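# Summary of the model geometry
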Amino acid sequence: MSIPAANSDDYFISTGLPIPWNRLEHALHPGEGFTDGAQKVGEFFVGLETKLPADDLLNTLIYSGPPAEWFERLLYCMLDIGYPDLLVAKQVLRLRCLRRLFMRIEAGLAIAPEEAEIAQMLRKSTGVAVARDLLSCAYGARQLIGVLARQNAIDDAQRSLLVNLISAEVRALGFRINKLSDSVDVYNLKEMARVLPVIRRFDENKTSAGVLAETIRRGRKLDTPQMTFVAALKGDTLEKWLVSLSRHARLVPLCEVLRLQSVKMVPTRSLVALASLCRWIQEAAGGESSPLRWISQALSIYDQNRFSVDVGNALPALRDSIEQSGAWIDGTVVSGSFSDKLYSQWIGADGLCRPLHKPEEKQTLEPEMEIWQIVKLNISNDPFIARLLDNSVFYMTPGVVEYIALHSRSSMVLSKIASLNYLYAGAGNQNVPAALLKSPVTIPMSLLRQFLKPSFFSPAHLRMLLSAAVSEMRHEVIDEIQAYLARNG
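Worth saying up front: this structure is predicted, and the values here are computed from it rather than measured.

The rules behind the values
Residues numbered from 1 in each chain as written. Predicted model: local features only at pLDDT ≥ 70, side-chain atom pairs only at ≥ 80, totals over all residues. Heavy atoms only, no water. Buried < 20%, exposed > 50% of the residue type's maximum accessible area, 1.4 Å probe, protein only. Helix = DSSP H or I, 4+ residues; strand = E, 2+ residues; numbered from the N terminus. Arc of directions from axis to C-beta. Contact = heavy atoms within 4.5 Å. Phe/Tyr/Trp six-rings, centres within 6.5 Å; stacked < 30°, edge-to-face > 60°. pLDDT = per-residue confidence, 0-100. Salt bridge = Lys/Arg side-chain N within 4 Å of Asp/Glu carboxyl O. Axes fitted to C-alpha atoms, helices over the stretch in contact; angles between N-to-C directions. Parallel < 35°, antiparallel > 145°, perpendicular 65-115°, else oblique. Nonpolar A, V, L, I, M, F, W, Y, C, P; charged D, E, K, R; others polar. Patch = residues over 30% accessible without salt bridge, like charges linked within 9 Å, V, L, I, M, F, W, Y side chains within 5 Å. Areas by Shrake-Rupley, 256 points an atom, 1.4 Å probe, with all protein chains shown as cover. Lys, Arg positive; Asp, Glu negative; His and termini not counted. Charge placed at Lys NZ, Arg CZ, Asp CG, Glu CD. Pairing = 2+ DSSP bridges. Polar contact = N/O pair within 3.5 Å; in protein donor to acceptor, adjacent residues only side chain to side chain.

## Comments concerning helix α12 (residues 238–245)
Along α12, the residues that are buried comprise L238, W241, L242, S244 and L245. Projected down its long axis, α12 carries its buried residues within an arc of 160 degrees, all on one side. The secondary structure elements touched by the buried residues of α12 are α2 (34–48), α3 (54–64), α4 (68–79), α11 (228–232) and α13 (252–264).

The following block contains the structure:
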């Protein structure tokens with residue numbers, strides 16, 4: 001491996017990943033989707049391409065022995081194809097939330113005012129009156145999606161039907177998410193660990209379905225699957241990339257998975273689920289096991305939305321997980337179809353593969369690790385994070401409120417932090433005021449102004465804060481700090 005002399009010092013490290021990989025080490029966090037992560041990884045390579053070739057960068061990473069979980073996350077980012085419109089349409093047009101709502105109405109059960117509004121809007125826009133009507137509507141809508149996928153035109157009435165059905169399902173799903181979030185006991189770590197992954201998956205579905213509705217409403221073409229990371233390389237073709245990587249024996253396995261994914265375009269969630277199955281097979285056999293090997297096998301057994309693999313002697317250890325997921329067992333061959341099942345049970349709470357544990361070997365995280373995992377994985381669930389801030393177990397864990405202040409994009413959450421002194425005061429939360437000032441989110445100046453005094457910042461500290469974070473701060477915050485410094489030297 002050749003390393004440019006000018007950058008040799010970058011490779012001397014004491015902890016963590018080597019420079020410049022340490023930038024990406026902290027940028028890819030568990031609460032972020034793989035699609036957003038793929039964009040970051042692409043920008044990382046593009047930003048360094050004139051200094052360090054991709055093959056040198058990746059060789060350095062592999063040689064450094066990156067943490068398995070972080071490396072697995074990186075691989076999914078590089079292999080991500082987002083949420084293809086056809087896959088999203090197929091899921092959302094099952095209309096599960098709407099069917100549940102109409103069945104409750106027909107059974108005479110009480111519904112919330114927001115649910116009644118959803119049902120009324122749908123009746124007015126589509127003529128749907130009972131749950132049975134939804135089934136025929138859903139069938140017709142799926143046929144229309146097929147027409148759009150073939151790039152044929154549909155008329156305005158048909159387009160309106162599609163948009164109204166999907167939008168109503170999105171609203172019903174949003175109501176269910178809020179209801180689940182409100183019901184979570186923020187003082188029970190075990191309950192949160194069980195329920196929150198479900199809420200997060202629902203929220204991802206809601207977001208992607210909302211994007212689909214807007215795509216159809218505007219008359220845009222449905223997207224075709226593409227690798228988000230490759231698109232972010234800005235001009236570099238995957239083939240050019242692979243030629244460079246294939247010259248290094250250590251990078252050949254990575255080349256192979258990139259090449260396979262470029263052909264098979266396995267939806268990321270399906271890839272993670274299948275990689276879990278492959279991980280279990282390899283761990284049960286007691287042989288070499290690594291994220292690259294799990295993912296490589298998962299790609300090889302995936303075939304047009306189906307999979308089939310002989311698990312051999314590993315079957316007894318896997319049987320319960322396989323049967324509960326709805327996969328088929330024929331002898332020692334396990335098969336399944338992602339047309340019928342999502343196999344979400346095979347995906348871990350952090351969005352990565354689940355490890356294989358026998359019942360007596362199951363382990364729980366240390367309480368502080370659980371706290372951090374809950375916060376990081378659910379940072380975008382604003383109502384839940386706001387409620388979490390009421391729990392002293394969380395706000396008294398050093399660094400947790402600061403992390404929320406730095407990564408939340410909710411004005412409601414950040415305003416709550418700025419309003420309650422126990423969230424921004426004390427040794428464990430001493431960096432929270434600076435995080436709030438640096439935030440690009442619109443926090444009322446009336447709340448931020450309280451931090452501009454010597455008990456929080458000296459003038460020298462404010463000047464350093466301005467010079468280090470001026471690109472992140474809102475203009476009104478910068479103006480306020482500069483005015484304070486002009487008055488107080």
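We are not done yet, so read on.
## Structural notes on the side chain of N381
Mapped onto the fold, N381 is located in the loop between α17 (367–377) and α18 (382–388). Contacts of N381, omitting those with residues within four sequence positions, involve S181 and I199.

## Quick notes on the packing of aromatic side chains
If you walk through the whole model with that rule in mind, you get 20 aromatic pairs. Ring geometry for W372 versus Y403: centroids 5.9 Å apart, planes at 85 degrees, classification edge-to-face. Of this pair, W372 sits in helix α17 while Y403 is found in helix α20 (residues 400–407), placing the two residues 31 residues apart along the sequence. When its relative accessible area of 10% is taken as the criterion, Y403 is described as buried. Ring-pair connections join several aromatic residues into one group, and the members of that group are W21, F44, F45, W70, F229 and W241.

## Quick look at helix α6 (residues 96–106)
Residues of α6 that are buried include every one of C97, L98, L101 and F102, and no others. The buried residues of α6 occupy an angular sector of 130 degrees when the element is viewed end-on, so they sit on one face. Packed against the buried residues of α6 are α7 (113–126), α8 (131–149) and α9 (156–183). Two residues or fewer after α6 comes G108, characterised by a positive phi angle close to 80 degrees.

## A look at unusual backbone geometry
Between I19 and P20 the backbone carries a cis peptide bond, its omega angle lying at 5 degrees. For P20, the location among the structural elements is in the segment before α1 (21–27). A positive phi is found at L95, a non-glycine position, where the angle reads about 55 degrees. Structurally, L95 is set in the loop between α5 (85–92) and α6.

## Side note on the confidence of the model for the protein chain
The pLDDT averaged across the protein chain works out to 86; a share of 93% of its residues lies at or above 70. Confidence, expressed as mean pLDDT per element, reaches its minimum in the protein chain at α17 with 79 and its maximum at helix α21 (residues 411–419) with 95. Taken as a whole, residues 1–14 scores under 50 in pLDDT and shows 19 contacts with residues more than four places along the chain or in a different chain. Every residue in residues 358–363 is under pLDDT 50, and counting partners more than four places away or in other chains gives 1 contact.

## Re the pattern of salt bridges
For the coordinates displayed, the defined rule picks out 11 salt bridges. The partner of E204 in a salt bridge is R269, and the shortest N-O contact between them spans 2.9 Å. A residue pair is termed long-range when its members are at least 10 positions apart, and E204 in helix α10 (residues 189–217) and R269 in helix α14 (residues 268–285) qualify at 65 residues. For E204, a relative accessible area of 31% corresponds to the partly exposed category. Here R269 falls in the buried class, since its relative accessible area comes to 18%. Here the salt bridges share partners, and the residues they tie into one network are E214, R217 and R218.

## Looking at the packing of α2 against α3
Orientation of α2 relative to α3, taken along the N-to-C sense of each, is 120 degrees, at an axis distance of 10 Å. Between α2 and α3, the crossing angle belongs to the class labelled oblique. Along the contact surface, α2 presents F44, F45 and L48, while α3 presents A54, L57 and L58. Partitioning the contact of α2 with α3 into residue classes produces 6 nonpolar, no polar and no charged.

## Topic: a positive patch on the surface
A surface patch of positive charge is lined by R96, R100, R176 and K341. Along the polypeptide, R100 turns up in helix α6. A residue is classified by how much of its surface remains accessible, and R100, at 35% relative accessible area, is partly exposed.

## Some remarks on the sheet that holds strand β3 (residues 328–330)
Within the open sheet, the 4 strands sit side by side as β1-β2-β4-β3. Their pairing is antiparallel. Here the strands that pair on one side only, and so sit at the sheet edges, are β1 (302–303) and β3. As paired elements, β3 and strand β4 (residues 333–337) share 3 bridges and run antiparallel to each other. The residue bridging D330 from the neighbouring strand is V333, located in β4.

## Things to note about the side chain of S335
Residue placement: S335 occurs in strand β4. A distance of 3.2 Å separates a polar atom in the side chain of S335 from a polar atom in the side chain of S308. Residues within four places of S335 in sequence aside, it is in contact with F307, S308, A327 and W328.

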